[in-house]
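# A structural walkthrough
What follows is the residue order along each chain.
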Amino acid sequence: MTTLLSAPEAARPSERTVLPREHGAPAGGQVRRAIGGVQRQDLLNLCGALLSALCTGLLLFGRLAPISGAVGFVIVTYVLFVAIYALLTWMEDERPAVVDKVMAVLLASATVLSLVALVSVIAFTLWRGREALGNVNLYHDDMSAAGPADPLSKGGISHAILGTLIMISLALVLTVPLGLACAVFLNETRSRAAGIVRSIVDAMTALPSILAGLFIFATWILVLGFERSGLAASIAVSIMMLPIIIRSADVVLRLVPGNLREASAALGAPQWRTVRHVVLPTARSGLATAVILGVARGLGETAPVLLTAGFTSTLNANPLEGPMVSLPLATFEFVRSPQPALVARGFATAAVLMLLVLVLFVVARILGGRPAGRVSGRQAQRLAVRSAKDVERFDAKQLGAT
Amino acid sequence: MATTMTTLPGPPSGPAPVPRAIAVQPELGDRIFTRGSLATGLLVLAIMAAVGLFLSFEAAQALRTTGASFLTTAEWQPDRGEFGVAAVLTGTIAIALVAVSIALPVSLGSALFIAEVAPERFRSTLVGLVDLMAAVPSVVYGLWGAYLFQGQILGVSRWLATWFSWIPLFEVSGADPTDPLSSETVFTASTFIAGVVVALMVMPIQCSIMREVFSQVPTGEREGAFALGATRWGMIRIVSLPFARGGIIGGTMLGLGRALGETIAVLLIISPRFDINFHILEAGSNSVSSLIALRYSEASGFGLSALMAAGLALFALTLVVNFTASAFVARSRSGASSEA
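Residues numbered from 1 in each chain as written. Chains lettered and ligands numbered in written order. Predicted model: local features only at pLDDT ≥ 70, side-chain atom pairs only at ≥ 80, totals over all residues. Heavy atoms only, no water.

## So, the overall build of chain B
Inclusion rule: Here a strand is any run of E in DSSP of at least two residues, a helix any run of H or I of at least four, and the numbering for each starts at the N terminus. For a compact globule the rule gives 2.2 Å times the number of residues to the power 0.38, and the radius of gyration it is set against comes from C-alpha atoms. For every residue, the accessible area obtained with a 1.4 Å probe (protein chains only) is divided by the maximum for its type, and the residue is called buried under 20%, exposed over 50%, and partly exposed between those limits. We call two residues in contact whenever any of their non-hydrogen atoms come within 4.5 Å of each other. Accessible areas in this description were obtained via Shrake-Rupley with a 1.4 Å probe; residue shielding takes into account the shown protein chains only. Here Asp and Glu are counted as negative and Lys and Arg as positive; His is not counted, and neither are the chain ends. Charged groups are reduced to one reference atom each: NZ for lysine, CZ for arginine, CG for aspartic acid, CD for glutamic acid.
Of the regular secondary structure elements, chain B holds 11 helices and 2 strands. Ordering the α and β elements of chain B from the N terminus gives α-β-β-α-α-α-α-α-α-α-α-α-α. Taking 340 residues into account, the globule formula puts the C-alpha radius of gyration at 20 Å, and chain B, at 28 Å, lies well above it. Taken along its principal axes, the extent of the C-alpha atoms in chain B is 110 × 60 × 35 Å. For chain B, the residues scored as buried account for 51% of the 340 residues in total. Of all intrachain contacts in chain B linking residues separated by at least 6 positions in sequence, the fraction that spans at least 24 positions is 74%. Per element, the accessible surface of chain B, about 15700 Å² overall, is 66% carbon and sulfur. If the 18 positive side-chain charges of chain B are averaged to one point and the 21 negative ones to another, these points end up 11 Å apart.

## Some words on the overall build of chain A
In terms of helices and strands, chain A carries 17 helices and 0 strands. For chain A, with 402 residues in total, the buried portion stands at 43%. In chain A, once contacts between residues fewer than 6 apart in sequence are set aside, the share between residues at least 24 apart is 67%. Total accessible area on chain A is roughly 21000 Å²; 65% of this is exposed by carbon and sulfur atoms.

## What about the domain arrangement of chain A?
Residues and elements named next belong to chain A. Rules: Either an automatic procedure or a domain database provided the assignment from which the domain bounds are taken. When two parts are put together, the accessible area they lose, computed with a 1.4 Å probe and summed over both, is reported as buried area. Take a side-chain nitrogen of Lys or Arg and a carboxyl oxygen of Asp or Glu: if they are within 4 Å of each other, that pair is a salt bridge. Here the nonpolar group is Ala, Val, Leu, Ile, Met, Phe, Trp, Tyr, Cys and Pro; Asp, Glu, Lys and Arg are the charged ones; every other residue, Gly included, is treated as polar.
As far as domains go, chain A holds domain 1 (40-128) and domain 2 (158-373). A combined buried area of about 540 Å² lies between domain 1 and domain 2, and 85% of that area is made up of carbon and sulfur atoms. Counting the surface domain 1 buries against domain 2, the share from its top three residues, T125, L126 and R128, is 76%. If you look at where domain 1 meets domain 2, you find 0 salt bridges. Residues of the side of domain 1 that touches domain 2, tallied by class, amount to 3 nonpolar, 1 polar and 1 charged.

## A closer look at the pattern of salt bridges
With the rule as written, the count across this model stands at 15 salt bridges over all chains. Note that R130 of chain A is salt-bridged to E131 of chain A, the shortest N-O span being 3.9 Å. A salt bridge links E120 of chain B to R123 of chain B; the nearest nitrogen and oxygen atoms lie 3.3 Å apart. In this pair, E120 of chain B and R123 of chain B both sit in helix 3 (residues 120-135), 3 residues apart, roughly one turn of the helix.

## Considering the environment of R192 of chain A
With respect to the helices and strands, the residue R192 of chain A is situated in the loop between helix 7 (158-188) and helix 8 (193-204). The spatial distance from the C-alpha of R192 of chain A to the C-alpha of S387 of chain A is 37 Å, given a sequence separation of 195 residues.

## Structural notes on a positive patch on the surface
All names here are of chain A. We count it as follows: Patches in this entry comprise residues that are over 30% relatively accessible and not in a salt bridge; like charges within 9 Å are linked, as are nonpolar side chains (Val, Leu, Ile, Met, Phe, Trp, Tyr) within 5 Å.
Side chains of R284, R378, R382, R386 and K389 sit close together on the surface and give a patch of like positive charge. Of all the elements, helix 17 (residues 377-401) adds the most residues to the positive patch, at 4 residues. As for its placement among the helices and strands, K389 is situated in helix 17. For K389, a relative accessible area of 55% gives the class exposed.

## Quick look at the packing of aromatic side chains
The condition that has to hold: Within 6.5 Å between ring centres, the rings of Phe, Tyr and Trp (the latter by its six-membered ring) count as paired, and their orientation is classed by plane angle as stacked under 30 degrees, edge-to-face over 60, tilted in between. Charge over a ring is defined by NZ of Lys or CZ of Arg lying within 6 Å of the ring centre and within 35 degrees of the ring normal.
Per the stated rule, a full pass over the model turns up 13 aromatic pairs over all chains. Note on F124 of chain A and F347 of chain A: the rings are 5.4 Å apart at their centroids and 90° apart in plane angle, and the pair reads as edge-to-face. A residue pair is termed long-range when its members are at least 10 positions apart, and F124 of chain A in helix 4 (residues 95-128) and F347 of chain A in helix 16 (residues 340-367) qualify at 223 residues. The buried category is assigned to F124 of chain A, whose relative accessible area is 10%. Look at F347 of chain A and you get buried, because its relative accessible area is 0%. Between W220 of chain A and F226 of chain A the ring centres are 4.3 Å apart and the planes differ by 15°, which places this aromatic pair in the stacked class. Look at F226 of chain A and you get partly exposed, because its relative accessible area is 41%. Feature note: the residues F70, W76, F83 and F302 of chain B constitute an aromatic cluster, connected by ring pairs. In this arrangement the basic side chain of R130 of chain A is found over the ring face of W127 of chain A, its NZ or CZ atom lying 3.8 Å from the centre.

## Concerning the side chain of E262 of chain B
Residue and element names in this part refer to chain B. Tracing the chain through its elements places E262 in the loop between helix 8 (245-261) and helix 9 (264-269). Of the side chains with opposite charge, R258 lies nearest to the buried E262, which makes no salt bridge, at 4.6 Å. Those residues in contact with E262 that lie beyond four places of it in its chain are S138, V198, M201, S287 and S289.

## As for the interface of chain B and chain A
Which entries qualify depends on this criterion: For the purposes of these results, a polar contact is taken to be a pair of N or O atoms within 3.5 Å, where, inside protein, one atom must be able to donate a hydrogen and its partner to accept one; residues adjacent in sequence count only when each atom of the pair is a side-chain atom.
Between chain B and chain A, the residue contacts involve 82 residues of the former and 89 residues of the latter. Buried surface at the junction of chain B and chain A, summed over both partners, amounts to about 7500 Å²; 78% is from carbon and sulfur atoms. The largest per-residue losses of area from chain B upon contact with chain A belong to M48, Y147 and Y296 of chain B, which jointly make up 9% of the total buried on that side. If you look at where chain B meets chain A, you find 0 salt bridges. The tally of links from chain B across to chain A stands at 8 residue pairs in polar contact (both at pLDDT 80 or more). The biggest single contributor to the side of chain B that touches chain A is helix 1 (residues 28-66) of chain B, with 18 residues. Each residue belonging to the side of chain B that touches chain A can be placed in one class, and the counts come to 52 nonpolar, 20 polar and 10 charged.

Have a look at this one:
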């Protein structure tokens, strides 16, 4: 019995192989202690500093100085807050402790700042798009019948929604097989070409997305003479997504434990079976995350689509001919117009796009976030059922043999 | 047990053993698998190389006519034969530098907070939120910058220009600090505002790489610092930051690479101008990718070749930045964790 098994499983006289799973603490690994925790005095200091900084800020901005502006007020109040907090802690602590506490506040405020920015970006888009988002026709109408000055109750962005879905599906069809196969090539074959391919793929992740669009514009549209279409845009987006997917899938496959591969080889499996039945299933959740995050990047890309898809205001379900519009491109074209109604539509389009990305992101978090080889409860159940079936099959075979 | 003795085996008698030649004959499925995956790898290689080679080939036409003056000309009039990347490339670099210098402290602070300070139970939520920031489409950031942020930040721009105009960077021509009623339009659409918006996009990338590196700091060294009486910040200063230096530099430069290539958010904010301008608060700026987005449709064949030359210059720049970043990360102690 190996020491990796936990006590109850080790105690059971079992003939089956048991996968070493995580049982609380990692075996033999080091665990970080939790340090810190907030004391009452710190909390009081924080609140006191915040209150007095607010009051001083209000006094300065409201009464004393002829300065105004929300941003200025926030900055001044924040500086005051840090100074007062430092002063309060300095009254009872040694210098290293004061530095420690003030730095903790500074680090926390960096995080708060970025979260405020995130919330403000999302909330502002939803807020400015709220009127257009409330109209049902936004989701099932296109802009062919609505003029620029028409009210929001007329016309919608169904053409952009459909366009985005078609483009991203085509891009998925192009990139997922190629990207995963290439990642398998980089990891599973000991080819000398793998090094070159890996560095070229690394280099291409640096390709500015507009150059992918320019490349397709110059070859597909100008040299080969095809018209601007959804397909051209999908190819441009694919060129941009491919290195991203390959790179993150490569990282995920590298995390598959080598002993699983060796166990499979020791059982006599040929390499392709090892890849098909051991490596890929082990890395499944990570691969799904890699693909979904690649899709989220591809969905939001405006620049390559701008160059290759053309622009239309009518619904076009054919990616092979005629211009097609995606959500980011529609947003960009809407807000470039001076008409307030169109700008409102632009914000609503951006909000729809953002919600789409948000949904994908949440799906990616649910699927992924688990290291290679660790399975969720339901997956474990399914695996157990399958392995019970295998045992039955083996037993039946043995009975037949004797 | 006196008599039993272990004897070492003497030298083997007879002919020395010769290792067998092992002939591996992969089965059909494996041969298909190996060939197939090699073919896919080469296909990807071919696609990627085709993009690079085609761009250089097309750009060569424009570069041949201008020669070295391509790097020094600020104008962009390809049909008159006067064009160069001096203005757009410096504009791109200025925006990216503003973005990185704003994003660096914020991302470093957030990464340290998430990895070292935040309670365990909030950690994964915070990581998710920062990753979400990276997933928000750039056009959304552009809208936010152009419609909300620009109006709010003008006061700060004006304040900086009023009090710090003796620093050449903050000088604004056309702004009169003594006139409180002067228009604020001289501060709109500036490099600074575009840089702040790009900083929002760059920050999560930098933050996730740095956080990854901070979480790899050896527990033993951490505990050693605490055992010597360090406070938490003391531990961060003497253990975490030195350990993660490679990751911090690498993450920052990867962010820089991303900032250089940003198109649509910059396009929504700046108003294009074609001179070399280091006054970051002044209205108007330019970048290579927004130049391409603005000019590709009306460009002639030669104009397109000129645009590709500009794109190639940008690509070369991002390549250098990215490879330098990987080199930094690979050579540092924390190098194992550089894949983001």
